[in-house]
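# Observations on the model geometry
The residues making up each chain are set out below.
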Amino acid sequence: MAVQALDAARVPIDWQRLALPAVLVVVAYGLIPAYASSYLVEAIMLPFLALSLAAVGLNLLTGYCGQLSLGSSAFMAVGAFAAYNFNLRVDGLPLAATMILAGISAAGIGVVFGLPSLRLRGFYLAVSTLAAQFFVQWALTKFGWFSNYNPSGVISAPRLTVAGFSLDGATGRYLFSVTTVIVLTALVWRLVNSATGRNFIAVRDNETAARVIGVPVLRTKLLAFAISSFIIGVAGVLWAFTYLRTVEPAGFNLDRSFQILFIIIIGGLASMRGAFLGAAFIVVFPLLLSRIGAFAFGGLFDSGVLDMSQRIVLGALIIIFLIAEPNGLSALFDRLKRRIGSRSS
């Protein structure tokens, strides 16, 4: 009887839900390293992975906790420059430890600039986070120590090695990036499905009601800023070390912060999947527009006109899409999946 009761209490495994992650893992670790060209890896997959991770971090703060931030690029810069300095000044520091310390540095800055969230909300909080963007970029430019006194402020990625294996090639950098993104995304997914994640959502929906039911609102906000900034800082390390390989403070400007914000809006707020769908849209679609524009109008307009036209088309399509589906690509994906499921049944 006890065995039967135990069997009845076991939760059945949802194989259909596990099928998609399994396929993605096979593609990520099997097909792409084996068959993808260097252009696909370096021009598409590496920026996609870095921006996806940054979007996961911002979505945790904005989508789940309801704290709007425009300083994401600043936290990416802190992570990149902190990793560079830790690697430069601490001999023999493992790459994983370097990234963790860089993330902690970004988390510390995130908590400092998250303090206004204790009194400010919405648009006013978003404006206050701009201070992080301008201050960090000014500090990295003003003080040469951060760039090892390089006159131009540019830093270059060190040799990437893990357990004695070199990761400087395109495939090695890709595998390192995808592993980092998968591990951190899985941890964030566990977090948002825990009691802490429910506290985030309670604060987002109604701070007063959350405080009444015993949610520590102030601590929850600062925790959201810290974890979000940690993840975005690690994304900055991937952006600088695995994708660009060399970066300057101007590379982490306000445009980058808006780009990450657009990713979570397009992909869908409060959705892990939406961060990746939005990043794919932002990375791939401009490349497609560039190829189509060069093929169709390359002989009529110069590159500047084509580039501006692509920006206009991309912006217009984003506006049209958000009007048609305000909940983002993630909601559209769910709708298509339900339609396919209803037709198959």
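So, here's what we can say about the structure. None of these values were measured; they are calculated from a predicted model. (Residues numbered from 1 in each chain as written. Predicted model: local features only at pLDDT ≥ 70, side-chain atom pairs only at ≥ 80, totals over all residues. Heavy atoms only, no water.)

## Overview of helix α11 (residues 254–267)
So the rule is basically this: We count a stretch as a helix when DSSP gives it H or I for four or more residues in a row; a strand needs E for two or more, and each element gets its number in order from the N terminus. By definition here, a helix of n residues has an expected span of 1.5 Å times n minus one. Relative accessibility thresholds used throughout: buried, under 20% of the residue-type maximum; exposed, over 50%; partly exposed, between the two (1.4 Å probe, protein chains only).
Over its 14 residues, α11 extends 20 Å from the first C-alpha to the last, a length consistent with the 20 Å expected when each residue adds 1.5 Å. Every buried residue of α11 is accounted for by R256, S257, Q259, I260, L261, I263, I264, I266 and G267.

## Some words on the packing of helix α3 (residues 38–64) against helix α10 (residues 217–244)
Threshold: Each axis is a line fitted through C-alpha atoms, and for a helix only the stretch in contact is used; angles between axes span 0 to 180 degrees, taken between their N-to-C directions. Roughly parallel means an angle under 35 degrees; roughly antiparallel means over 145; roughly perpendicular covers 65 to 115; every other angle is labelled oblique. Residue contacts are defined here by distance: any two heavy atoms, one from each residue, within 4.5 Å place the two residues in contact. Classes in brief: Ala, Val, Leu, Ile, Met, Phe, Trp, Tyr, Cys and Pro nonpolar; Asp, Glu, Lys and Arg charged; the others, Gly included, polar.
Axis separation between α3 and α10 bottoms out at 7 Å; the angle between their running directions is 170°. Overall, the two elements α3 and α10 adopt an arrangement that is roughly antiparallel. On α10, the residues that touch E42, L46, P47, A50, L51, L53, A54, G57, L58, L60 and L61 of α3 are A224, F225, I227, S228, I231, I232, V234, A235, L238, W239, T242 and Y243. Its residues placed into classes, the contact of α3 with α10 shows 19 nonpolar, three polar and one charged.

## Here's the deal with unusual backbone geometry
Phi is positive for N148, which is not a glycine, with a value near 55°. Positionally, N148 belongs in the loop between α6 (122–142) and β1 (155–156). Judged by relative accessible area, which is 38%, N148 ranks as partly exposed. Backbone geometry at Y149 places phi at a positive 60°, although glycine is not the residue there. You can see Y149 is positioned in the loop between α6 and β1. Exposure remark for Y149: the relative accessible area of 59% places this residue in the exposed category.

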